[in-house]
Amino acid sequence: MSRLEAKKPSICSREPLTGGRAGASLAALRGLVASCYGPAGRLKQLHNGRGGPVATTSRSAALLAGLPVSHPVLKVLTAAVRSHVACFSDAGLFTAILCCNLVENVQRLGLTPTTVIRLNKHLLSLCTRYLKSEVCACRIPVDFGSTQILLSLVRSILTSKPACMLIAKEIDHISTLILRAFLLTIPENAQEHVILGKSIIVPLKGQRVIDSAVLPGILIEVSEVQLKKILPIKKSDSFKVAVFCVSLSGDLSDTGEGTLLVSYGVSLENAALDQLFNLGKQLVSDHVDLVLCQKVIHPSLKQFLRTHQIIAVDRIGVSLMEPLSKVTGTRPIGSLGSISPSSYGTVKDLCIAKFGCKHFFHLIPNKTTVCSLLLCNRNDTAWDELKLTCQTALHALQLTVKEPYVLLGGGCTETHLVAYIRHKTRNEPESILRDERCSQTELQLVTEAFCSALESLAGSLEHDGGEVLTDGKYGHFWSVQANLPSAVNWPDLPSRCGCGLYSSQEELSWSFLRSARHPFPPQTCLSPEAKGSADTLTLDCFTAKLSGLQVAVETASLILDLSCVIEDTN
Amino acid sequence: MAAAGSVTVALHVAEVLETIVSGCLGPEGRQVLCTKPTGEVLLSRDGGRLLKALHLEHPVARVMVACVSSHLRKTGDGAKTFIIFLCHLLRGLREITDKEKDYFLFENIQTCGRHWKNCCQWKFISQALLTFQTQILDYIMDLYLSRHFLSIFSSCSKERTLCRSSLEMLLGAYFCGRVGRNNHNLISQLMCDYVFKCTACESRFEEVLEIVDDCFGELKVGVTGLPVSDSRIIAGLVLQRDFSVYCPADGDIRIAIVTETIQPLFSVSGSEFILNSEAQFQTSQLWITERTKAIVKHLQSQNVKLLLSTVKQPDLVIYCAGLNGISVVECLSHEELSLIQRVIGLAPFALPEASSQYELSHTALVKFCKPLILRSKRYVHLGLVSTCSFTPHCVILCGPVQGLIEQHEDALHGAFKMLRQVFKDLDLNYVTQTSDQNCTSGPRIYENSRENNELPKIVNSSIQRSYQDTVVKNKGELAKTQTNLKVCSNLIVPNVKLEKTVLCSAPKVAVTDSYQTEETLRCSSPNKGTIMDDHEPYIESNSANSTTENTRREISYENLQVTKLARKDSMLPLRYKSLEMCSSQSYYFSSIPAGCVLPVGGNFEILLHYYLLNYAKKCQQSEQTMVSRIIANALLGVPKILYKSKKGNYSFPQVYVRALQALQTNQPMISNQTGLESVAGKYQLLTSVLQCLTNILTVDLVIHIERQPQEIYDQDSEEEL
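Residues numbered from 1 in each chain as written. Chains lettered and ligands numbered in written order. Predicted model: local features only at pLDDT ≥ 70, side-chain atom pairs only at ≥ 80, totals over all residues. Heavy atoms only, no water.

### What about the nonpolar core?
Inference 1: Membership of the largest hydrophobic core comes to 205 residues, with the highest contact counts inside it found for Phe-175, Leu-308, Phe-390 and Leu-419 of chain B.
Inference 2: Tallying contributions element by element places helix H17 (residues 542–560) of chain A first for this core, with 11 residues.
Inference 3: When neighbours within four sequence positions are excluded, Phe-390 of chain B is seen to be in contact with Tyr-194, Cys-198, Val-208, Ile-211, Val-212, Leu-219 and Val-343 of chain B.
Inference 4: In this structure, Tyr-430, Tyr-588, Ile-606 and Phe-652 of chain B belong to the second largest nonpolar core, which totals 95 residues. (Core = buried A, V, L, I, M, F, W, Y, C linked by side-chain atoms within 4.5 Å. Buried < 20%, exposed > 50% of the residue type's maximum accessible area, 1.4 Å probe, protein only. Helix = DSSP H or I, 4+ residues; strand = E, 2+ residues; numbered from the N terminus. Contact = heavy atoms within 4.5 Å.)

Set out below in structure tokens:
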């Protein structure tokens, strides 16, 4: 019987955003992502009701990947955030919250989507142009002469991921390691095109975080049994290495589509083994010191090599092959016949290292851009989170090298942008009104919706019921504790703004973040002394955040533009 | 289960579809989100895609969707307009029936009987529609509308050159209806740049469009997670895979293509390899290794730096290639291979049979070959040196979600299809006739002529038997020369007629014969904008009658009136009811020349509306008047939706009144829209809708079958046979 069934008709619903269902789901998603945002964000535990691992996380990638989203509109949102994170590793929650806020705020206005989308696009270009301009006061150029800014960037990323469960001392240690690992991947004599190397993260669970380390070269994990078979390493200046990508197990390779008829008494295994021994002899005569194989080496060949003082390590795996050929300068050998002498490589030193309970075979190169980051954390969940955070940080550093700027973090960029947009649209609305053919009221309404989306995004950083303030000079973000004693005059309390650039000594007119007040021109052009003043700034990756802003506004426009949803129920 | 098929039902269905598609029509249209059962989301404004995504069950709806998709296959555009237009036509038809209802009520017949009666009426109307589509539409297009056409080509000289600004306007209007309003400017600019960058030789852009349309899947790369504004065009071809081995090379880079593994295998399929000893095994393995090395060495000696392979190559080949400084790309798809072959005209490298003989193999030059990293994914980037008019370029489409990228891909692909259509000539042919008497309407004519139909035949045969023979012979000939059957078939009949009017004589048989063949040849050659009068050659060969014929021709130009002839039926002599009267008929073969455009914003619809109403006023037959009126009014449905959100001076009534005034006073129509659309596309859309409507109207009963007609029965019967 055929199992072919007629397709069920799809469900078609018009104006998907107007129903209560969409609003409720959107609000639920916003609540979820906003509660994870920032260093004080709450953690979420993801688990499958039928068993399997439990993940404790506040990362947008993990959250949204595991979240079963029912409403089709939210599927667009989560897909956009996930592909942004896949691209930039950072600013996922930022994008998600901003997008939700924008959709919700605009939905309340009741203007036609055309007007809103056009104006939103205009406001976005206002933001991006300002952020890319020289006068921007929330952007700091990176000085590669010192590690200060880069270290602050890494530390901010680590701090914003509370699920890593690190204390301040550990954060300092890990951020230095990450920065060191990153610096090791930069080639020394850089030409026009810089090709960055690779930092391999090696897991070492169950150890103290402080035990984490960065080592140049490659660590290959070996079991204790294997270790006993490896000979004591003789002292030498350099070691000759051969790396094989074919299997050295003596199995018969692809024989073609036809049949292979073997006469009685003929042993192909012996023939293949003879071939392997010939190979071994060639390796011996070429004075190779180390044989590494991606796949399996036949025990007899291993034995043969050991008797000739050659170290053999097999089952390297495909993921290590590329850095391995980079470190040793070899070309992976794909032939069992004669080997060209040019395919051998060298390493400076070999040693066996023990970290925690694991043994590693450590290849120390002469001069390459590959390093190993040995990462420790107490438990599996926290280690997974830490590993992903390290990758995020390394990626952010790479992006920063490409575009040498960082943005102020801690909500200051958002509040500053809000002040800038409010001021711009209030004082110079003529050009916008002319370009976009809309009324003054429409512009004001959309601007207000856009700004309050950014403001409540910044406000999501505060989770403990505290008050959020903004100043009337720089437009930065200040937060004060909740439940203040009534006697204290609260505007005196905050000591530093969210990013840590300014302290409260100056005369700043504070006001509540979401309160109505007169727009003011925020101070542009960061003063040079301000750049140098603070050592520990909270910083964000420029490229990732800028792209996140663009993706959020574009996705919000996309969602607002929907006239109808067709759900395939098959 | 059976359900009566009726206009009311069809209208209900069409109205539902209309509400969905009208939301995405035009520059103000919005997006539709489709979710797939796999959980993916797709954004779309493409009418065809939306209709497919609905998985409609209603039989009438399925007929409509089938009609739309067959129209899309032809032209690649106009699905939304199709539905809206169809809906308005059905609405118009229902109004007519509502008016005539009283007439039906008078007759006290049972419902069932009334239904059949209804069906008869619908059949009647559908015939009239068909006649309209085949006769009047072409006539009006050619005679009235053509004077408003603009051309997309920059000059009126013979050489067709693309005008950038008009192409921009054409594409701008197309993408307004296809992609989100945030991005249409960007995408249309991208497409325009792409067309000009890919076209090496300006006059051969059609070839470029053909290649791009055929191989678009290989010429685009989608990157998710980046803002749409990062989309761009890069020179060269991007293969969506990484190098198996990459050896940086510069200077003279040659490439070779292989379609099989370079390393010889022990045995090929269907053969047997007998191993008698271990030594034999080792020697054969050694031979394999040596031979592989030799082939790779040979490639190196040919200066080949890049090997493209359609299959996975063994490790040995990769190793040898790496040693010899040859980069390898494996597992190319057939589409990629065929594109590369089309661009550089390179045949795959044939592996030499014996190890000693190496003939000079096929290689080609490339400008560069390097890895390309997009969003931390690696691609192969090739700078192919093109041997045809297409200079390879790739579009990199970025977007926050995959669904949006897919929408842009579809829109771009559709745009190439649309452009190909724009640059094609579209034939129009129709019949005009100078007869003072009023022609009766199509179906009636049919009835009448059927009664009369024996007569001409009898007359024919009675006049001259030998003549009949030639006609038959000619028909046979025509069947053989199938190039332009439809056109030629028209030619047979007038002969019959002319023979009679001039009272034919014996020597004419030979003359007509030669004339027939001559005509056939002429018709098969493509004609553009020429009016062919079939009388002409006849006159030339028959000097005696030339004067009379000439006067008739003159009349035919002055006093134009169309006969209602279904083209497919014109073979039958019985169509010519008034043989004596309709003596001077003119057959016009005209065309909408390639690159004809009109400004967007319902210009085509309003123009056609105006001329159809004019025609309806002149036309005296009630049926044709009615059909023309219905179609004319339905045409306004699209501009009405387009101008829905506009206010004040730009609202639809204002625009409409202004356009009509301009037309009446013979002034040029002023359009406030920038953008152009293809006339041929609109024309084809109109004919497709009319055909679809005819389809729907002719069905009287829908029978629901529980299970599919089973094939097993067929098989059984075959076995028995």
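Next comes the rest of the write-up.
### Brief notes about the interface of chain B and chain A
By a frequent convention, interface size equals the accessible area lost on bringing the separate parts together.
Inference 1: Taken together, the contact pairs 60 residues of chain B with 74 residues of chain A.
Inference 2: Each partner contributes to the roughly 5,600 Å² buried at the junction of chain B and chain A, and carbon and sulfur atoms together form 56% of this total.
Inference 3: Taken as a group, Arg-30, Asn-182 and Tyr-319 of chain B account for 13% of the area that chain B buries against chain A, more than any other trio of residues on that side.
Inference 4: Note that Glu-15 of chain A and Arg-30 of chain B form a salt bridge whose closest N and O atoms lie 3.1 Å from each other.
Inference 5: Seen at the junction of chain B and chain A, the total is 31 residue pairs in polar contact (both at pLDDT 80 or more).
Inference 6: Going through the elements one at a time, helix H1 (7–22), strand E2 (31–35), strand E3 (41–44), helix H2 (47–53), strand E9 (272–275), helix H9 (278–301) and helix H10 (315–323) of chain B are the ones with two or more residues in the side of chain B that touches chain A.
Inference 7: Per element, the largest residue contribution to the side of chain B that touches chain A is 6 residues, and it comes from H9 of chain B. (Buried area = accessible area lost by both parts, 1.4 Å probe. Salt bridge = Lys/Arg side-chain N within 4 Å of Asp/Glu carboxyl O. Polar contact = N/O pair within 3.5 Å; in protein donor to acceptor, adjacent residues only side chain to side chain.)

### Digging into the sheet that holds strand E15 (residues 370–377) of chain A
Residue and element names in this part refer to chain A.
Inference 1: Spatially, the 3 strands line up as an open sheet ordered E5-E15-E6, and their pairing is mixed. Of all strands in the sheet, those bounded by a partner on one side alone are strand E5 (198–205) and strand E6 (213–216). Neighbour-to-neighbour, the strand axes of this sheet turn through a mean angle of 25°, independent of strand direction.
Inference 2: With 8 bridges joining them, E5 and E15 adopt parallel strand pairing. Paired with Lys-205 across the strands is Asn-377, a residue of E15.
Inference 3: On top of the sheet, helix H12 (residues 380–402) reaches E5 and E15; it is set at about 165° to E5, its chief contact. (Pairing = 2+ DSSP bridges. Axes fitted to C-alpha atoms, helices over the stretch in contact; angles between N-to-C directions.)

### Observations concerning the side chain of Glu-677 of chain B
Inference 1: With respect to the element layout, Glu-677 of chain B can be found in strand E18 (residues 676–678).
Inference 2: Excluding residues that lie within four positions of it along the chain, Glu-677 of chain B makes contacts with Leu-170, Cys-596, Val-597, Leu-598, Pro-599, Val-600, Gly-601 and Lys-682 of chain B.

### A few points about the sheet that holds strand E14 (residues 358–364) of chain A
As a general point, the strands of a sheet are linked pairwise by backbone hydrogen bonds and lie either parallel or antiparallel.
All names here are of chain A.
Inference 1: Here 3 strands make up an open sheet; going across it, the order is E7-E14-E13 and the pairing antiparallel. Pairing within the sheet leaves two strands with one partner each, and these edge strands are strand E7 (218–222) and strand E13 (349–355). Between one strand axis and the next, the sheet turns by 30° as a mean value, whatever way the strands run.
Inference 2: The sheet contact formed by E7 and E14 spans 5 bridges and is antiparallel.

### A short note on the pattern of salt bridges
Inference 1: Going through the model one piece at a time under the given rule, you end up with 34 salt bridges over all chains.
Inference 2: Arg-155 of chain A is the salt-bridge partner of Asp-172 of chain A, the closest N and O atoms lying 3.1 Å from each other. Taken together, the positions of Asp-172 of chain A in helix H7 (residues 168–184) and Arg-155 of chain A in helix H6 (residues 148–159) put the pair 17 residues apart, joining distant regions of the chain.
Inference 3: Notably, a salt bridge pairs Arg-342 of chain B with Asp-214 of chain B, separated by 3.4 Å at the nearest N-O pair. With a gap of 128 residues between them, Arg-342 of chain B in helix H11 (residues 334–344) and Asp-214 of chain B in helix H8 (residues 205–214) connect regions that are remote in the sequence.
Inference 4: With a relative accessible area of 45%, Asp-214 of chain B lands in the partly exposed category.

### Some details on the pairing of E3 of chain B
All names here are of chain B.
Inference 1: Of the two faces of E3, the one carrying Val-41 and Leu-43 and the one carrying Leu-42 and Ser-44 are both buried.
Inference 2: Across 4 bridges, E2 lies against E3 in antiparallel orientation. Bridge pairing in E3 places Leu-33 opposite Leu-43.
Inference 3: Counting the residues that bridge the hairpin from E2 to E3 gives 5 residues, and of these Gly-39 lies at a positive phi of roughly 100°.

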